Amino acid sequence: MTVTTVAPVVTTATDRPTQVRCNAITKAFSNDTFALRGIDLHCPAGAITVLLGPSGCGKTTLLRCIAGLETPSDGNIHLGHRDVTHLDPRARGVAMVFQNYGLYPNKSAYGNIEYPLRRARVPKKQRQARIEHVANMLRITHLLDRKPAQLSGGQRQRVGIGRALVREPAVLLMDEPLSSLDAELRVSMRTELRALQRKLGTTMVYVTHDQAEALALADQLVVLRDGHIEQIGEPAEVFTSPSTTFVAGFLGAMNLLEAQPLNLPPGTVGIRPEDLIRGTSPGDLTLSGPVVDTDLTGTERLVHFRCGQQTARIRIRADEPVPTEITAHVRADRIHHFDTDGNRIGER
Ligand code: ATP
């Protein structure tokens, strides 16, 4: 377990929301290992910026640079108007929640949450009130006497979140904080986190590789790939107008098909499974072929079917019988077009 904590020193509930700016951040771990390749990023004050991308794309490294746990090889970082690039983590006024909690094993849950308030010399009565409030919100009031070893992974994670939130920090950095929770708690926790962030007005930078979590939480969504920003924007905009085939495939599992076998200009066409409608319709693009596989996703089933040499997926209701053949059509204005380099062509 990584026991790294960033105890905020200067943040208080009265701090104003703080914007985060990363200018041309590069991070090389060795001559040929570049984790970040020139990141320019503005995280607006009081908003949730989500860093999304596959394993190894640089999400954690960027968050650790903002926290001060890594020093960029090049570029600079501003929190509010302060250049913090070379500042000690403790002097930055950020709180960070790690995937690995980093709780003090000898302190109770209460003691862990209380610790940053003690360090900041918050009076006892105020400490109690704030801990009670946070514990109530995170549904851990009944666990406050327990030591970390007596808690489940999910409960420990909630204590870790509580410890960061209790300071009501100006900038809250979260690295996959919900990943150890069960699916149901994960969904309710993200709703609570968002409500809480709205209430506190905290600037949040949140790392995840879970696209559903990213779409649900983000005010600004940043898709990272190989150490660079592939696309940045409001989540709905990134989802509806992915700028590259990488984003299209990563977010919402779009069907990406070679355009020429479909008698379209060279490049790739993107079709979301939910935009495919069974049957045919004049003027629409039709795809048809035998069913080769199915995935049950809950109330729906994702049916994989061949179209020529390629495979596409369509959603059908889970209680429908699985057909042996699919014929489906898609409206021209629902088709995404990408050039041979994978870049979006034209407006949606
Ligand atoms: P994950 O979702 O798997 O946590 P990530 O997107 O957070 O991945 P990073 O942890 O930021 O990715 O790593 C980015 C790249 O930098 C990876 O190729 C990783 O191997 C490399 N890297 C990270 N930390 C170090 C280190 N301390 N030394 C050398 N290489 C590193």
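With that out of the way, let us pick up the site of the ligand. Close contacts around the ligand come from F29, A35, P54, S55, G56, C57, G58, K59, T60 and T61, and that covers them all. G56 is positioned with one of its backbone polar atoms (N or O) 2.8 Å from an oxygen atom of the ligand. Within the backbone of G58, an N or O atom sits 3.0 Å from an oxygen atom of the ligand. When the ligand sits alone it has 640 Å² of accessible area, and the protein chains cover 57% of it. By residue class, the composition of the shell around the ligand is four nonpolar, five polar and one charged.

To continue, consider the domain arrangement of the protein chain. What the domain assignment reports for the protein chain is domain 1 (3-240) and domain 2 (245-338). Contacts between the two partners involve 15 residues from domain 1 and, on the opposite side, nine residues from domain 2. Buried surface at the junction of domain 1 and domain 2, both sides included, amounts to about 950 Å², of which 75% is carbon and sulfur. If you list the elements that add at least two residues to the side of domain 1 that touches domain 2, you get α6 (211-217), β9 (220-225), β10 (228-233) and α7 (235-240). When residues in the side of domain 1 that touches domain 2 are grouped by element, the largest group, four residues, is from β9.

With that settled, the discussion passes to the sheet that holds strand β17 (residues 325-330). Adjacent strands of a sheet pair through backbone hydrogen bonds, lying either parallel or antiparallel. Taken in spatial order, the five strands of this open sheet run β13-β17-β14-β15-β16, and their pairing is antiparallel. Each of the sheet's edge strands pairs with one partner strand only, and the pair in question is β13 (277-278) and β16 (310-317). Both strand β15 (residues 300-307) and β16 contribute to a ladder of eight bridges, which runs antiparallel. When the bridges of β16 are listed, R301 appears paired with I316.

Right, let's get into the nonpolar core. Nonpolar side chains tend toward joint burial in soluble globular proteins. In this structure, V50, I161, L172, M174, Y206 and L221 are the most contacted members of the largest nonpolar core, which totals 43 residues. Looking at which domains feed residues into this core, each of domain 1 (3-240) and domain 2 (245-338) gives three or more. Leaving out residues up to four positions away in the same chain, M174 has contacts with L63, V97, I161, L193, M204, V205, Y206 and V207.

What follows concerns helix α2 (residues 109-119). Inspection of α2 places A109, G111, N112, I113, E114, P116 and L117 among the buried residues, and these make up the whole buried set. Considering only its buried residues, α2 is in contact with α3 (124-137) and α4 (153-165).

What follows is about helix α1 (residues 59-67). Taking burial as the measure, the nine residues of α1 include seven buried ones, the bulk of the element. Of the positions making up α1, those classed as buried are K59, T61, L62, L63, C65, I66 and A67. Of the residues trailing α1, G68 is marked for its positive phi of about 95°.

Turning next to unusual backbone geometry. A positive phi angle, near 45°, is found at A24, a position not held by glycine. Examined against the element boundaries, A24 turns out to sit in strand β1 (residues 20-30). Unlike most non-glycine residues, R121 shows phi in positive territory, near 55°. With respect to the element layout, R121 can be found in the loop between α2 and α3.

Viewed as axis vectors pointing N to C, α2 and α3 meet at an angle of 130°, and their least axial separation amounts to 10 Å. When the axis of α2 is compared with that of α3, the two are oblique. Where α2 crosses over α3, the two elements pack in a sense that is right-handed. Residues Y110, I113, E114, L117 and R118 of α2 form the contact with α3, whose own contacting residues are R127, Q128, R130 and I131.

This part is about the sheet that holds strand β5 (residues 82-83). Here we have four strands laid out as an open sheet, ordered β2-β1-β4-β5, and antiparallel in their pairing. Among the strands making up the open sheet, the edge pair consists of β2 (33-43) and β5. Pairing of β1 with β2 involves eight bridges; the strand directions are antiparallel. Paired with A28 across the two strands is F34, which belongs to β2. Across the face of the sheet, α1 comes into contact with β1, β2 and β4 (74-79) while running at roughly 60° to β2.

Below, the discussion takes up the pattern of salt bridges. Within the structure shown, the criterion is met by 16 salt bridges. We note a salt bridge from R278 to E320, for which the minimum N-O separation is 3.3 Å. Here R278, found in strand β13, pairs with E320, found in the loop between β16 and β17; they are 42 residues apart in sequence, far enough to count as distant. Judged by its relative accessible area of 38%, R278 is partly exposed. The class for E320 is partly exposed, based on a relative accessible area of 29%. Where salt bridges share partners, they join K27, R64 and E70 into one cluster.

Rules used throughout
- Residues numbered from 1 in each chain as written.
- Predicted model: local features only at pLDDT ≥ 70, side-chain atom pairs only at ≥ 80, totals over all residues.
- Heavy atoms only, no water.
- Near = heavy atom within 4 Å.
- Polar contact = N/O pair within 3.5 Å; in protein donor to acceptor, adjacent residues only side chain to side chain.
- Areas by Shrake-Rupley, 256 points an atom, 1.4 Å probe, with all protein chains shown as cover.
- Nonpolar A, V, L, I, M, F, W, Y, C, P; charged D, E, K, R; others polar.
- Domains from an automatic or database assignment.
- Contact = heavy atoms within 4.5 Å.
- Buried area = accessible area lost by both parts, 1.4 Å probe.
- Helix = DSSP H or I, 4+ residues; strand = E, 2+ residues; numbered from the N terminus.
- Pairing = 2+ DSSP bridges.
- Core = buried A, V, L, I, M, F, W, Y, C linked by side-chain atoms within 4.5 Å.
- Buried < 20%, exposed > 50% of the residue type's maximum accessible area, 1.4 Å probe, protein only.
- Axes fitted to C-alpha atoms, helices over the stretch in contact; angles between N-to-C directions.
- Parallel < 35°, antiparallel > 145°, perpendicular 65-115°, else oblique.
- Left-handed = near helix turned anticlockwise from the far one by under 90°.
- Salt bridge = Lys/Arg side-chain N within 4 Å of Asp/Glu carboxyl O.

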